[in-house]
Amino acid sequence: MRAVFFSCLLAGLSATAANSLSVGSFAVDATNRLVTVGYSLSEAPCIVTLDIETNTQFDASGDWIPVNAGRTYGDAARRVEYNGAKTAYCKVGGEELLMPGVKMRVVLTAWELSAPPPYMAVDMEYDGLVSYYSCADSVPGGVGHDDYKTSKILMRKIPAREIKWRQGSPDGEYGRNSGECAHRVELSADYYIGVYEVTRGQWAYCGLADPSEFSWPGRSMMLPLHKADYRNVRGTDKIFMRTGSEVGSGTFIDWCRKHTGVPFDLPSEAQWEFACRAGSGNPTYRGYYGDDNQARTIEDIGKIAWFSENSAEGCSERQVHEVGLKQPNDWGLYDMIGNVREFCLDLYSETYYQNLSASSSPTVDPLGPPQNEYNRDYIVNRGGGFDINWWKQRSASRECDLPHAQSNRYGFRLCAPAVVAWR
Ligand SMILES: [Ca+2]
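For every chain, the first residue of its written sequence is number 1, and the numbers climb from 1 along that sequence. The predicted origin of the model limits local features to residues at a pLDDT of at least 70 and limits the giving and counting of side-chain atom pairs to 80 or more, whereas totals for whole chains, interfaces and linings rest on all residues.

1. Comments concerning the overall build of the chain
1) Next: Strands here are runs of E lasting at least two residues and helices are runs of H or I lasting at least four, both read from the DSSP assignment and numbered beginning at the N terminus. The helix and strand tally for the chain stands at seven helices and 21 strands.
2) Next: For the C-alpha atoms alone, the extent of the chain along its principal axes is close to 70 × 45 × 40 Å.
3) Next: Relative to its full complement of 423 residues, the chain shows a buried share of 46%.
4) Next: It is the C-beta atoms, placed from the backbone, that decide contacts: two residues are in contact if theirs lie within 7 Å. The contacts in the chain between residues at least 6 apart in sequence include a share of 68% that link residues at least 24 apart. Counting other C-beta atoms within 10 Å of a residue's own tells you its class, since 20 or more makes it buried, 12 or fewer makes it exposed, and anything in between is partly exposed; those C-beta atoms are placed from the backbone.

Next comes the structure, spelled out in structure tokens:
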């Protein structure tokens, strides 16, 4: 459901519209770079996104490409509740878009609540302010903006629904552990997952003490929250398999749910690994690395991850680093491998996936073992981290610890359903 508004400089409007969106007015104020779009909506509630696109100066091919839209407000980049006349505003990011000869257009898209846009930004400062964007280029300031490492949580929708894939690693993968037994998995629904690990800046809003011990000159709040205590993140009296989606009162995730309306949780192990791989069956999301040339391997993995061989760069000891400084995976997720190890929902068992018929593990939406061979609540964490060697920085690598274990190696990222039931 898209409506497209064309503008050649300030020359006015031609437009096409489809389905639930119909064209209204369009104006550009060059003095303050403000675009105002009027439209009419007939299938609310839905989510409406706004993109600014250009086909000159930035791309010789002539294709329309999105450019950074700047700040969007009014009836766009959010859930719209009612039908009727609407007005959306966008402060265009770059002055060059309004130069003579530059062709620009505004694209409005209506998204069903059951199939929301690829990006969602949840504001920690203003309760319940949730914004949506159709692509990375339309995220105000770009996905690397400091806001998404401090005061807003940026989530990426993962297209997982009904895709059959292999969780775990094949025999012979270098560094493999027997608990990584390969098994076929399918997730029944798409979901949102954090573009970044949760940071110290984001944690600061919940009112709980910050357990972190590392800092960085001028940018400590952009380090991943570390030394995370599972009891404060999700709560130990509500281990997932026993209580469904309940979380402990007063925990970080409880705070986020109450203040934003978004039913955040940790990812299940399957959700975490599917998101990490971004379609890659290789040991990392940037290819295959073996032990044939360790120096080259360390250099290559160093492009995507912080681990024990490189995590002392620029500081006096090995430590966590600002989120988002390494290359992301193909879905734009940063630090899935390396930096902090990330809590998942599942209990850990080394043997559970080794005998699938005996374990009765469901193929669809697996949640891990209901109990384990240790009879203790070992919680899975994934992705390796700054404190361990390069050969553990793999998509299939699994670790675990007890919920009350506090170590500077532990952190997490958030997950949420991709069906918008919140305002
Ligand atoms: Ca990580």
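2. Some details on the domain arrangement of the chain
Interface size, as often reported, equals the accessible area lost upon joining of the parts.
1) Next: By domain assignment, the chain separates into domain 1 (2–112) and domain 2 (158–417).
2) Next: Segment limits for the domains were obtained from an automatic or database-derived domain assignment. For domain 1 versus domain 2, the distance between C-alpha centres works out to 37 Å.

3. A closer look at unusual backbone geometry
1) Next: With omega at 0 degrees, the peptide bond leading from A44 into P45 counts as cis.
2) Next: Secondary-structure assignment places P45 in the loop between strand 4 (34–41) and strand 5 (46–54).
3) Next: Positive phi, normally seen in glycine, also occurs at R33, with a value near 60 degrees.
4) Next: Mapped onto the secondary structure, R33 falls in the loop between strand 3 (21–29) and strand 4.
5) Next: With 16 C-beta atoms packed within 10 Å, R33 lands in the partly exposed category.
6) Next: Residue D335 is not a glycine yet carries a positive backbone phi of 60 degrees.
7) Next: Structurally, the position occupied by D335 is in the loop between helix 6 (294–301) and strand 17 (341–347).
8) Next: A residue is classified by how many C-beta atoms lie within 10 Å of it, and D335, with 30 of them, is buried.

4. Points about the sheet that holds strand 17
1) Next: What the four strands build is an open sheet, ordered 19-18-17-20; its pairing is mixed. What marks the edges here is a single partner per strand, and that holds for strand 19 (398–401) and strand 20 (410–411).
2) Next: Direction of pairing for strand 17 relative to strand 18 (residues 379–382): antiparallel, over a ladder of three bridges. Among the inter-strand pairings, E342 is bridged to a residue of strand 18, identified as R382. The rule for pairing is simple: two strands pair if DSSP sees at least two bridges between them.

5. As for the environment of K258
1) Next: Summarising the element assignment, K258 is placed in helix 4 (residues 252–260).
2) Next: What makes K258 exposed here is the crowd of 12 C-beta atoms within 10 Å.
3) Next: When the C-alpha positions of K258 and S20 are compared, they lie 32 Å apart, and in sequence the two are 238 residues distant.

6. Comments concerning the nonpolar core
1) Next: Note on terminology: a nonpolar core is a set of buried residues of type Ala, Val, Leu, Ile, Met, Phe, Trp, Tyr or Cys, with members joined through C-beta atoms within 7 Å. The biggest cluster of nonpolar side chains holds 103 residues, and the ones touching the most others in it are L108, L154, M155, A275 and F343.
2) Next: In this structure, this core is formed jointly by two domains, domain 1 (2–112) and domain 2 (158–417), each of which donates at least three residues.

7. Re the sheet that holds strand 16 (residues 191–194)
1) Next: Strand order in the open sheet formed by five strands is 12-11-13-16-21, and the pairing between neighbours is antiparallel. Either end of the sheet is taken by a strand with one partner, and the two such strands are strand 12 (130–133) and strand 21 (415–417). Averaged over all pairs of adjacent strands, the angle between strand axes in this sheet comes to 25 degrees, irrespective of strand direction.
2) Next: Where strand 11 (residues 119–123) meets strand 13 (residues 152–158), five bridges bridge the pair, whose relative direction is antiparallel. Within the sheet, the bridge partner assigned to A121 lies in strand 13 and is L154.
3) Next: Strand contacts of helix 5 (residues 269–277): strand 13, strand 16 and strand 21, with the helix running at about 75 degrees to strand 16, the strand carrying the most contacts. Every angle, taken between N-to-C directions, lies between 0 and 180 degrees, and every axis is a line fitted to C-alpha atoms, over only the stretch in contact when it is a helix.

8. Focus: the pairing of strand 13
Note on strand geometry: in a regular strand, side chains alternate between the two faces of the sheet.
1) Next: For strand 13, the buried fraction is high: six of the seven residues fall into the buried class.
2) Next: In the sheet, strand 13 pairs with strand 16 via four bridges, with the strands oriented antiparallel. Of the residues in strand 16, the one forming a bridge with I158 is Y191.

9. Some points on helix 5
Every α-helical turn comprises 3.6 residues, leaving residues that sit three or four positions apart pointing alike.
1) Next: Most of helix 5 is tucked away, with nine of its nine residues classed as buried.
2) Next: Restricting attention to buried positions, one finds in helix 5 the residues E269, A270, Q271, W272, E273, F274, A275, C276 and R277.
3) Next: Trailing helix 5 by a residue or two, A278 shows a phi angle of about 50 degrees, which is positive.

10. Quick notes on the environment of V48
1) Next: Here V48 is to be found in strand 5.
2) Next: Put simply, V48 and P369 are 321 residues apart on the chain and 40 Å apart in space, counted from C-alpha to C-alpha.
3) Next: Each residue touching V48, except ones within four places of it in the same chain, is listed here: D75, A76, V80, L108, T109 and A110.

11. Some points on the confidence of the model for the chain
1) Next: Taken residue by residue, the chain gives an average pLDDT of 89. The fraction at 70 or more is 91%.
2) Next: The quantity called pLDDT is the predictor's confidence in a given residue, expressed from 0 to 100. pLDDT under 50 marks residues 7–18. Its contacts with residues more than four places away, or in other chains, come to 26 contacts.

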